[in-house]
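Results of the structural survey
Below, each chain spelled out in residue letters.
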Amino acid sequence: MSTRDGSVWASAAPAPAVLRAGAILEALAQARGRTMTPARLAAAAGGIPRASVVNICAALHDLELVRAVDGGFVLGPGLLRLSQAYLDALDPVRAFREQVGRLGDREETLQLATTEGTDVVYLAVHEGTVLMRPTSRTGARLPVTCTALGKVMLAGRTDDEVRELLADRVPFESRTPWSITTLDTLLTELRTARANGYAVDDQETAEGIVCVAVAVPETATDGRPFAVSSSLLKSQATPGRVAAVVELIGTVVRRMDGGREQLPGDA
C-alpha cells in the first residue's frame, strides 16, 4: 500500500489499459471535436497499437465516453455526466451556485474559476439579463496572464512563485493588442491587485470587454485558488460602475465563505 496526498493506493503500478484509455481520451480532447481515426489516435496517444485503440474505444463507447463517428471517434456524452459530478462535489461550486441563485434578475454575468497550471479553468457561469459577447463557458481555459481571474489568483502567490510558474511562458500569449506579455508588467499588475483586493482585465482577453475579479477566501476552498469575475462593456466601465461590480462580487465571495451579509439588491 502507498499513499499520495492522503489517499491510499492499492498498488504503485498503474494499470496499462487505464493509462492507454486516458491517453486516448486526452488525444480526443485535444482534437476539439474533430473525428480521429484509430490510426491517428494510435499516433496521438503515444504509439498505442491500432488494435488496442479499437478495443479500448469499443469499451469506452459502451460507457458513452466516446462516440463512433464517420470511421473514427469523438468524445461522448458520458464525460459530461462525470464532469458535472466532479463539479457538484466541489464545495466552492456549490457555494457559488447557491449565492448567485439569490441574486434574482440582475444584468451581471458572474463566473467562477480556478487555476490549473498556467491556465484559468471556468467551473460555473451565472448568466445575467444583459447578453454580451461570450468570453467564457464552463470548462473553457484561458491564460492566467491576460484574465482578471488569473491575475487575482496569481496575486495570492509571492512574486518569486509567479516567476517560477511562468518562467517558460515569457513572452506571454497575446490575445489582443492590450494583453500583457512581459513578466515585469504582470508583477506590477499583481501588486496593484493585492493592494486593491481585485484584479482588472482591460480588453486583454477580448477587445471591448473589461473584466474584474475577486479571489474567494482560502478558508472556503481548502487552500486551492478560486475567484469570481464579471465582465463589462468597455464603454460602460466607468470607475463608479466598476466599483459597484467589485462590491457585488466581493459580497458573493464573502458569503461563499460563510458570511451572512446582504447581497446588493437583497430586501
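Refer to the structure printed above.
Each chain carries its own residue numbering, running from 1 in the direction its sequence is written. Local features are withheld for residues below a pLDDT of 70 in this predicted model, meaning they are given only at 70 or higher, and side-chain atom pairs are given and counted only at 80 or more; totals for whole chains, interfaces and linings count all residues. Values reported for side chains reflect all heavy atoms of the structure, with hydrogen atoms and water molecules removed beforehand.

A closer look at the overall build of the protein chain
Runs of H or I in DSSP of at least four residues are treated as helices and runs of E of at least two as strands, each being numbered from the N terminus. Each helix and strand counted, the protein chain has 9 helices and 10 strands in total. For the exposure calls, accessible area comes from a 1.4 Å probe over protein chains only, and a residue counts as buried if that area is under 20% of its type's maximum, exposed if over 50%, partly exposed in between. The proportion of buried residues among the 267 residues of the protein chain is 42%. What makes two residues a contact is simply this: any of their non-hydrogen atoms within 4.5 Å. The contacts in the protein chain between residues at least 6 apart in sequence include a share of 54% that link residues at least 24 apart. Where accessible areas are quoted, they stem from the Shrake-Rupley method and a 1.4 Å probe; at the residue level, only the protein chains shown are allowed to cover. Carbon together with sulfur atoms contributes 53% to the accessible area of the protein chain, which is approximately 14,300 Å² in total.

Let's talk about the pairing of strand 4 (residues 72–75)
Each regular strand carries side chains that alternate between the two faces of the sheet. Note: two strands are recorded as paired if DSSP finds a minimum of 2 bridges between them. Relative to strand 4, strand 3 (residues 66–69) runs antiparallel, the two being bridged by 4 bridges. Bridge assignment links V69 to a residue of strand 4, and that residue is G72.

A few points about the side chain of S230
Take S230: it is sitting in strand 10 (residues 226–233). We define a polar contact as two N or O atoms separated by no more than 3.5 Å, with the added condition that, inside protein, one atom must be a possible hydrogen donor and the other a possible acceptor, whereas residues neighbouring each other in sequence contribute only through side-chain atom pairs. One polar contact links the side chain of S230 to the main-chain carbonyl oxygen of T109, over a distance of 2.9 Å. If sequence neighbours within four positions are ignored, S230 has contacts with E108, T109, L110, Q111, V210, C211, V212, V245 and I249.

Notes on the side chain of S179
Mapped onto the fold, S179 is located in the loop between helix 7 (159–166) and helix 8 (183–196). What makes S179 buried here is its relative accessible area of 9%. Looking at S179, its side chain comes within polar contact range of the main-chain nitrogen of R175, at 3.0 Å. Here the side chain of S179 touches E204 through a polar contact of 2.6 Å, landing on its backbone oxygen. Look past the residues within four positions of S179 in its chain and what remains in contact with it is C146, E173, S174 and E204.

Describing the sheet that holds strand 5 (residues 110–116)
Overall, antiparallel pairing links the 6 strands, which are arranged 7-6-5-10-9-8 in an open sheet. Of all strands in the sheet, those bounded by a partner on one side alone are strand 7 (141–143) and strand 8 (199–202). Each neighbouring strand pair of the sheet contributes to a mean axis angle of 30°, computed without reference to strand direction. One ladder, built from 4 bridges, connects strand 8 with strand 9 (residues 209–215); its direction is antiparallel. What sits directly across from V200, in strand 9, is V212. To obtain each axis, a line is fitted to C-alpha atoms, and for helices this fit is confined to the stretch in contact; angles are then taken between N-to-C directions over 0 to 180 degrees.

Description of the packing of helix 5 (residues 91–101) against helix 9 (residues 239–256)
At a minimum axis separation of 9 Å, helix 5 and helix 9 run at an interaxial angle of 125°. As far as their axial angle goes, helix 9 and helix 5 are oblique. Where helix 5 crosses over helix 9, the two elements pack in a sense that is right-handed. Between helix 5, through P92, A95, F96, Q99 and V100, and helix 9, the contact on the second element is made entirely by V252, R255 and M256. Residue polarity follows a fixed list, in which Ala, Val, Leu, Ile, Met, Phe, Trp, Tyr, Cys and Pro are nonpolar, Asp, Glu, Lys and Arg are charged, and the others, Gly among them, are polar. By residue class, the composition of the contact of helix 5 with helix 9 is 6 nonpolar, 1 polar and 1 charged. What sets the label is the angle itself: under 35 degrees gives roughly parallel, over 145 gives roughly antiparallel, 65 to 115 gives roughly perpendicular, and the rest give oblique. Definitions for this section: a left-handed crossing has its near helix turned counterclockwise from the far helix by less than a right angle. A right-handed crossing has that turn clockwise.

Some thoughts on the environment of P177
Turning to its location among the elements, P177 is positioned in the loop between helix 7 and helix 8. According to the relative accessible area criterion, P177 is exposed, its value standing at 66%.

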